[in-house]
Amino acid sequence: MRKFSANGTKGQTDWNAINWRQVNRRVRNLRQRIFRASRENDLVKVRSLQKLMLRSYSNTLKGSLEKTAAKTRKAA
């Protein structure tokens, strides 16, 4: 029995083949949308966008990159 993450791919992702500019843009745009919705007090939209952010593969990739970079800085 194989286990898959909810927001990942079925196979391994080639770290060097990722378009990091697109990943960063997607995450930034989602964060901006959440901020605008919260500023407008649209709580239903905020919650919906937060769920989308949690399930976003781009967000997972960006988090992995930040975690890896932090480990690298700490080891140096």
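Here the structure is shown first, and the text comes after it.
Only a predicted model underlies this, so the values are computations on that prediction, with no experimental measurement involved.

Colleague: Even after reading the chapter, I still don't get a positive patch on the surface, so can you show me in this structure?
Modeller: Residues Arg21, Arg25, Arg26 and Arg28 make up a contiguous surface patch of positive charge. Position of Arg26 relative to the elements: it lies in helix H1 (residues 20-39). Classification of Arg26 by relative accessible area gives partly exposed; the value is 47%.

Colleague: What's the story with helix H3 (residues 57-75) in this structure? I'm lost.
Modeller: Side chains of residues three or four places apart in an α-helix project in the same direction, reflecting 3.6 residues per turn. Counted at 1.5 Å a residue, the expected span for H3 with its 19 residues is 27 Å, and the 27 Å between its end C-alpha atoms agrees. For H3, the set of buried residues is Ser58, Leu61 and Lys62. All buried residues of H3 lie within an arc of 95° about the axis, which places them on one face of the element. In this structure, H3 carries Lys67, Lys71, Lys74 and Ala75 as exposed residues pointing more than 90 degrees from its buried face.

Colleague: Just checking my understanding: could you explain the packing of H1 against H3 for this structure?
Modeller: Geometry of a packed helix pair, given as the angle between the helix axes and the separation of the axes. Taken N-terminus to C-terminus, the directions of H1 and H3 make an angle of 110°; their axes are 9 Å apart at the nearest point. Considering the angle they form, H1 stands roughly perpendicular to H3. Helix-helix and strand crossings are classified by hand; for H1 and H3 the assignment is left-handed. Residues Trp20, Val23, Asn24, Arg26, Val27 and Arg31 of H1 touch H3, and the partners they reach there are Ser58, Asn59, Leu61, Lys62 and Leu65. For the contact of H1 with H3, the class distribution of residues is 5 nonpolar, 3 polar and 3 charged.

Colleague: Just checking my understanding: could you explain the environment of Lys62 for this structure?
Modeller: Inspection of the secondary structure assignment puts Lys62 in helix H3. With 39 residues separating them along the chain, Lys62 and Val23 place their C-alpha atoms 7.0 Å apart. Beyond its immediate chain neighbours, meaning those up to four positions away, Lys62 contacts Val23, Asn24, Val27 and Arg31.

Rules of the game
Residues numbered from 1 in each chain as written. Predicted model: local features only at pLDDT ≥ 70, side-chain atom pairs only at ≥ 80, totals over all residues. Heavy atoms only, no water. Patch = residues over 30% accessible without salt bridge, like charges linked within 9 Å, V, L, I, M, F, W, Y side chains within 5 Å. Areas by Shrake-Rupley, 256 points an atom, 1.4 Å probe, with all protein chains shown as cover. Salt bridge = Lys/Arg side-chain N within 4 Å of Asp/Glu carboxyl O. Lys, Arg positive; Asp, Glu negative; His and termini not counted. Charge placed at Lys NZ, Arg CZ, Asp CG, Glu CD. Helix = DSSP H or I, 4+ residues; strand = E, 2+ residues; numbered from the N terminus. Buried < 20%, exposed > 50% of the residue type's maximum accessible area, 1.4 Å probe, protein only. Expected span 1.5 Å × (residues − 1). Arc of directions from axis to C-beta. Axes fitted to C-alpha atoms, helices over the stretch in contact; angles between N-to-C directions. Parallel < 35°, antiparallel > 145°, perpendicular 65-115°, else oblique. Left-handed = near helix turned anticlockwise from the far one by under 90°. Contact = heavy atoms within 4.5 Å. Nonpolar A, V, L, I, M, F, W, Y, C, P; charged D, E, K, R; others polar.

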